[in-house]
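Architecture at a glance
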Amino acid sequence: MPRKGPPSRRPVVPDARYGDVIVSSVINKLMWDGKKTVAEGIMYGALELAASRSKVEPVSALHRAIEAVKPLVEVKSRRVGGATYQVPIEITSRRQMSLAVRWLVEHARKRSENTMEERLGSEIVDALNERGGAYKKRDETHRMAEANKAFAHYRW
């Protein structure tokens, strides 16, 4: 860590086809072994698939899916005395976005469709319809925070 404050954040470059930063961040999350062209092909195919299934523009489908999956609160472990409590805390918008993108890609990889395009497209459509793995993960996170609301005064 540098001595003069935190390191500066590099801006995310918008993607080539849609000129959108969120599409670019999903592509970066999808990418394996530096194969960005392959990840772009998967992402664009998935967006077209999601758009045709949900009758919405491709980029707005992704935006709405991410909005549906974004968590508002999460729990963090906090040690007080000899006990460890799960303390609910609010999440910054940057972390909300990164968690939503991570969960979408993660749960798309776990799906059973044949190609990654189909998996990601289906996960986006499911997130739009408030179901699917990523949406369930958000719901589970919110329920956990709600259950541990009594420990909110341990927030730091």
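I will try to describe carefully the structure that is included in this document.

The rules behind the values
Residues numbered from 1 in each chain as written. Predicted model: local features only at pLDDT ≥ 70, side-chain atom pairs only at ≥ 80, totals over all residues. Heavy atoms only, no water. Helix = DSSP H or I, 4+ residues; strand = E, 2+ residues; numbered from the N terminus. Buried < 20%, exposed > 50% of the residue type's maximum accessible area, 1.4 Å probe, protein only. Contact = heavy atoms within 4.5 Å. Areas by Shrake-Rupley, 256 points an atom, 1.4 Å probe, with all protein chains shown as cover. Core = buried A, V, L, I, M, F, W, Y, C linked by side-chain atoms within 4.5 Å. Expected span 1.5 Å × (residues − 1).

Right, let's get into the overall build of the chain. When helices and strands are tallied, the chain shows six helices and two strands. Seen in sequence order, the chain has helices and strands lined up from the N terminus as α-α-α-β-β-α-α-α. Across its three principal axes, the chain shows a C-alpha extent of roughly 55 × 40 × 25 Å. Taken across its 156 residues, the chain has 38% of its residues classed as buried. Contacts in the chain between residues far apart in sequence, at least 24 positions, make up 60% of those at least 6 positions apart. Only carbon and sulfur atoms are counted for the fraction: they give 50% of the accessible area of the chain, which is about 9,700 Å².

Further remarks concern the nonpolar core. Ranked by internal contacts, the top residues of the largest apolar core, which has 32 residues, are Val23, Met43, Leu62 and Ile66. Element by element, the count of residues in this core is highest for helix 4 (residues 93–110), at seven residues. Excluding residues within four positions of it along the chain, Val23 makes contact with Asp15, Tyr18, Met43, Tyr44, Leu47, Val59 and Leu62.

Let us now look at helix 3 (residues 58–69). The terminal C-alpha atoms of helix 3 lie 17 Å apart, and with twelve residues this matches the ideal 16 Å at 1.5 Å per residue to within 8%. Looking only at helix 3, the buried set comprises Pro58, Val59, Ala61, Leu62, Ala65, Ile66, Ala68 and Val69. Where helix 3 is buried, its residues meet helix 1 (21–30), helix 2 (36–54), helix 4, helix 5 (116–128) and helix 6 (133–147).

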